[in-house]
Amino acid sequence: MAIEVTEDYRSLLVAVKHRIRAAQYEALKAVNRELMAFYWDIGELIVTRQEIAGWGKAVVEQLAQDLQVEFHGMAGFSARNIWNMRNFYVTYRTNEKLQPLVAEIGWTHNLVILEKCKDDLQREFYIRMTQKFGWTKNVLIHQIENKIYEKTLLNQTNFDRTLSEEMRDRAKLAIKDAYTFDFLELADEHSERELEKAILTRVEPFLREMGGMFTFVGSQYRLEISDEEYFIDLLLYHRGLKCLVAVELKIGKFLPEYVGKMQFYLAALDDRVRLEGENAAIGIILCKSKDRTIVEYALRQSNQAIGIATYQIVSSLPLELQGQLPAPEQVARLLGGM
């Protein structure tokens, strides 16, 4: 017997659906954790026997054959995958910090990170980002190949002086040194207006490249101050930092005077747009190129939180930045705040 579909019933249906999906998600996470523990145990058993008996690679080939006969039709027992289990254990067995983290992402994600990342700090970064933003395998590969780790840790901001200790590290991880807009159909030569229009037609990939925690507020966001109109190129909101983010687009090299204009925008946003409970606004000045020394001087006396970044239409890390990552202890401290 059907009942009358009332608002109360619709509310009940929504609540039950939400609870079912939450239970399904928790069940999937539990299954994944069990699978990672299973693979870890197999890897440990193989390594232990190899160390005791001096066995070589042949034991993995033989084990794969025997397991496929015994568990016919059950996937995951190829020689290659069993060797991956061994490498999985070897890579993380001395790192107690990463051992619980690897169980929070899928096996294929773990394999990508094992293959493409060269040290534990880089692995930790991509493990945490995958878990936090729910990256698919293809998105993870794209982010690694696009050198998001390096571009995030090399960023130029004045956050050490302008943000609270609580926000500082999270904000540094939210702003990259360089962004790649290879999804925009733009020629090498383009105007600021063309860049903005191209972004507006591809807002979703733009926000994804910005870091995944941004939402779009508006373009050419209007501020009226003393009967004068001012327009911010793009206004975003960062859900994790709980603050407005003003983005100015520049198609040329960074100029020091851009900082003064951004400070003006941020002061106005804090005074006239920011809501109760939100943190002070942050600015991002996106340029085609920058001189790192000029940026350092330009930001030195700024009292508003500003980051200077570059953008490119193709994926690469400038040669002059390769090999300039922060010291390992600095990277570890930043990752600890994720």
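Looking at an unreviewed UniProt entry, one finds the protein named DUF1016 domain-containing protein, with Pseudanabaena cinerea FACHB-1277 as its source organism.

1. Here's the deal with the overall build of the protein
Along its length, the protein carries 15 helices and seven strands. Seen through its C-alpha atoms, the protein measures out along the principal axes to roughly 80 × 70 × 40 Å. Taking the contacts inside the protein whose residues are at least 6 apart along the sequence as the reference set, 65% of them involve residues at least 24 apart. As displayed, the protein has an accessible area near 18700 Å², and 51% of this comes from carbon and sulfur atoms. Averaging the positions of the 42 positive and the 48 negative side-chain charges in the protein gives two centres separated by 2 Å.

2. Thoughts on helix α2 (residues 58-70)
Taking 1.5 Å per residue as the helical rise, α2 with its 13 residues ought to reach 18 Å, and the 19 Å between its terminal C-alpha atoms agrees with that figure. Those residues of α2 not exposed but buried are V60, A64 and L67. Along α2, the residues classed as buried sweep out an arc of 75° about the axis, all on the same side. Pointing more than 90 degrees away from the buried face of α2 are the exposed residues A58, V69 and E70. Elements in contact with the buried residues of α2: α1 (7-53) and α3 (79-92).

3. A few points about unusual backbone geometry
Of note in the backbone geometry, K147 takes a positive phi value of approximately 60° without being a glycine. A positive phi angle, near 50°, is found at S226, a position not held by glycine. Relative to the helices and strands, S226 resides in the loop between β3 (214-225) and β4 (228-238). Since its relative accessible area comes to 65%, S226 is described here as exposed.

4. Overview of the pairing of strand β6 (residues 279-287)
For β6, the buried fraction is high: seven of the nine residues fall into the buried class. Pairing analysis gives six bridges linking strand β5 (residues 243-249) to β6, with the strands arranged parallel. Note on β6: the bridge partner recorded for V245 is I282. Note that the unit made of β5, helix α13 (residues 257-272) and β6 has a crossover that is right-handed. The sheet contact formed by β6 and strand β7 (residues 306-312) spans five bridges and is parallel. By the bridge assignment, I285 is partnered in β7 with I308.

5. Looking at the nonpolar core
Ranked by internal contacts, the top residues of the largest apolar core, which has 40 residues, are F88, Y92, I113, F125 and Y126. Contributing elements (two or more residues each) for this core: α1, α2, α3, α4 (99-102), α5 (107-116), α6 (120-133), α7 (137-145) and α8 (148-153). Ranked by size, the runner-up nonpolar core spans 32 residues in total, among them L163, L186, I199 and L286.

6. As for the pairing of β5
Along β5, seven of the seven residues are buried, which leaves the element largely enclosed by surrounding structure. Residues C243, V245, V247 and L249 point to one face of β5 and L244, A246 and E248 to the other, with burial holding for every one of them. Direction of pairing for β4 relative to β5: antiparallel, over a ladder of five bridges. If you follow H238 over to β5, its bridge partner there is C243. Turn length for the β4-β5 hairpin, with the two strands adjacent in sequence and antiparallel, is four residues, and the turn residue K242 shows positive phi of about 55°.

7. A short note on the side chain of D270
Here D270 is to be found in helix α13. The residues contacting D270, other than those within four sequence positions of it, are A280, A281 and Q304.

8. Remarks on the pattern of salt bridges
A full pass over the atoms with the stated rule returns 19 salt bridges. Among the salt bridges present, the one from E51 reaches R93, with a minimum N-O distance of 3.1 Å. A residue pair is termed long-range when its members are at least 10 positions apart, and E51 in helix α1 and R93 in the loop between α3 and α4 qualify at 42 residues. The exposure class of E51 is exposed, given its relative accessible area of 53%. Judged by its relative accessible area of 33%, R93 is partly exposed. It is possible to trace a salt-bridge network through shared partners that takes in K97, E124 and R128.

Cut-offs and rules
Residues numbered from 1 in each chain as written. Predicted model: local features only at pLDDT ≥ 70, side-chain atom pairs only at ≥ 80, totals over all residues. Heavy atoms only, no water. Helix = DSSP H or I, 4+ residues; strand = E, 2+ residues; numbered from the N terminus. Contact = heavy atoms within 4.5 Å. Areas by Shrake-Rupley, 256 points an atom, 1.4 Å probe, with all protein chains shown as cover. Lys, Arg positive; Asp, Glu negative; His and termini not counted. Charge placed at Lys NZ, Arg CZ, Asp CG, Glu CD. Expected span 1.5 Å × (residues − 1). Buried < 20%, exposed > 50% of the residue type's maximum accessible area, 1.4 Å probe, protein only. Arc of directions from axis to C-beta. Pairing = 2+ DSSP bridges. Right-handed = clockwise from strand over helix to strand, strands pointing away. Core = buried A, V, L, I, M, F, W, Y, C linked by side-chain atoms within 4.5 Å. Salt bridge = Lys/Arg side-chain N within 4 Å of Asp/Glu carboxyl O.

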